[in-house]
Amino acid sequence: QVQLVESGGGLVQAGGSLRLSCAASGSIFSINVMGWYRQAPGKQRELVARITRGGVTNYVDAVKGRFTISGDNAMSTVYLQMNSLKPEDTAVYYCAADATLDGMDYWGKGTLVTVSS
């Protein structure tokens, strides 16, 4: 089992920055990929960024050039640096971990990011 706890959300003005953190505990040796997802009001949850144990990263087009995902090789902590935030980035952000290479198996409870215009 893996436990994930997010932190770092909050209220920020458009153009500002926030850094989200995700602390993983438990069987972190089993984690292959970690990712950040978000769900805005009335919308489906979407992938924002993901990082593999080897450090390969992927981003959704909407955040490329503005967000950066990073983490340690042990997959114990993953960060999401969010710059040039826009009101449309407002959402609950979730940390997730894949231990079976067939999709995310573990999820955090989420942290709310609100970007005011």
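Reading the values: the criteria
Residues numbered from 1 in each chain as written. Predicted model: local features only at pLDDT ≥ 70, side-chain atom pairs only at ≥ 80, totals over all residues. Heavy atoms only, no water. Core = buried A, V, L, I, M, F, W, Y, C linked by side-chain atoms within 4.5 Å. Buried < 20%, exposed > 50% of the residue type's maximum accessible area, 1.4 Å probe, protein only. Helix = DSSP H or I, 4+ residues; strand = E, 2+ residues; numbered from the N terminus. Contact = heavy atoms within 4.5 Å. Pairing = 2+ DSSP bridges. Axes fitted to C-alpha atoms, helices over the stretch in contact; angles between N-to-C directions. Disulfide = S-S within 2.5 Å. Salt bridge = Lys/Arg side-chain N within 4 Å of Asp/Glu carboxyl O.

### Structural notes on the nonpolar core
And then number 1: Leu-4, Met-34, Trp-36, Leu-80, Met-82 and Tyr-93 are the most contacted members of the largest nonpolar core, which has 30 residues in total.
And then number 2: Among the elements of the structure, β1 (2–7), β3 (18–26), β4 (33–39), β5 (46–52), β7 (67–71), β8 (77–82), β9 (91–98) and β11 (111–116) are those that each provide at least two residues to this core.
And then number 3: Ignoring anything within four residues of it in the chain, the contact list for Leu-4 reads Cys-22, Ala-23, Ala-24, Met-34, Cys-95, Ala-96, Ala-97, Tyr-106, Trp-107 and Gly-108.

### With respect to the sheet that holds β8
Strands in a sheet are paired, the pairing made by backbone hydrogen bonds, and the direction either parallel or antiparallel.
And then number 1: Here four strands make up an open sheet; going across it, the order is β1-β3-β8-β7 and the pairing antiparallel. Of all the strands in the sheet, the pair left with one neighbour each is β1 and β7. Each adjacent strand pair in this sheet contributes to an overall mean axis angle of 15°, direction not counted.
And then number 2: As defined by bridge partners, β1 adjoins β3 across six bridges and the pair is classed as antiparallel.

### Quick look at the state of the cysteines
And then number 1: Per the counting criterion, the structure on display carries one disulfide.
And then number 2: Two residues share a disulfide in this structure: Cys-22 and Cys-95, whose sulfurs sit 2.0 Å from each other. Taking the sign of the torsion about the S-S bond as the criterion, the disulfide between Cys-22 and Cys-95, at about -80°, is left-handed. Residue Cys-22 is found in strand β3, and its partner Cys-95 is found in strand β9; the two are separated by 73 residues along the sequence. No difference in accessibility class separates Cys-22 from Cys-95, as the two residues are buried.

### Some remarks on the environment of Met-82
And then number 1: Here Met-82 shows up in strand β8.
And then number 2: On a C-alpha basis, the gap between Met-82 and Thr-68 in space is 6.6 Å, while along the polypeptide they are 14 residues apart.
And then number 3: Once you skip the residues sitting within four places of it in the chain, Met-82 turns out to touch Gly-16, Ser-17, Leu-18, Leu-20, Arg-66, Phe-67, Tyr-93 and Val-113.

### Digging into the pattern of salt bridges
Side chains that differ in sign of charge can pair as their charged atoms come close.
And then number 1: Going through the model one piece at a time under the given rule, you end up with four salt bridges.
And then number 2: The partner of Lys-64 in a salt bridge is Asp-61, and the shortest N-O contact between them spans 3.0 Å.
And then number 3: Of the residues examined, Lys-64 reaches a relative accessible area of 49% and is grouped as partly exposed.
And then number 4: Assessed through its relative accessible area of 62%, Asp-61 is described here as exposed.
And then number 5: Its salt-bridge partner being Arg-66, residue Asp-89 comes within 2.8 Å of it at the nearest N-O pair. Of the two residues, Asp-89 sits in the loop between β8 and β9 while Arg-66 sits in the loop between β6 (57–59) and β7, which places them 23 residues apart along the sequence.
And then number 6: Residue class for Asp-89 comes out buried when judged on its relative accessible area of 1%.
And then number 7: Relative accessible area serves as the criterion here: at 10%, Arg-66 is assigned to the buried category.
And then number 8: Residues participating in the shared-partner salt-bridge network are Arg-38, Glu-46, Arg-66 and Asp-89.

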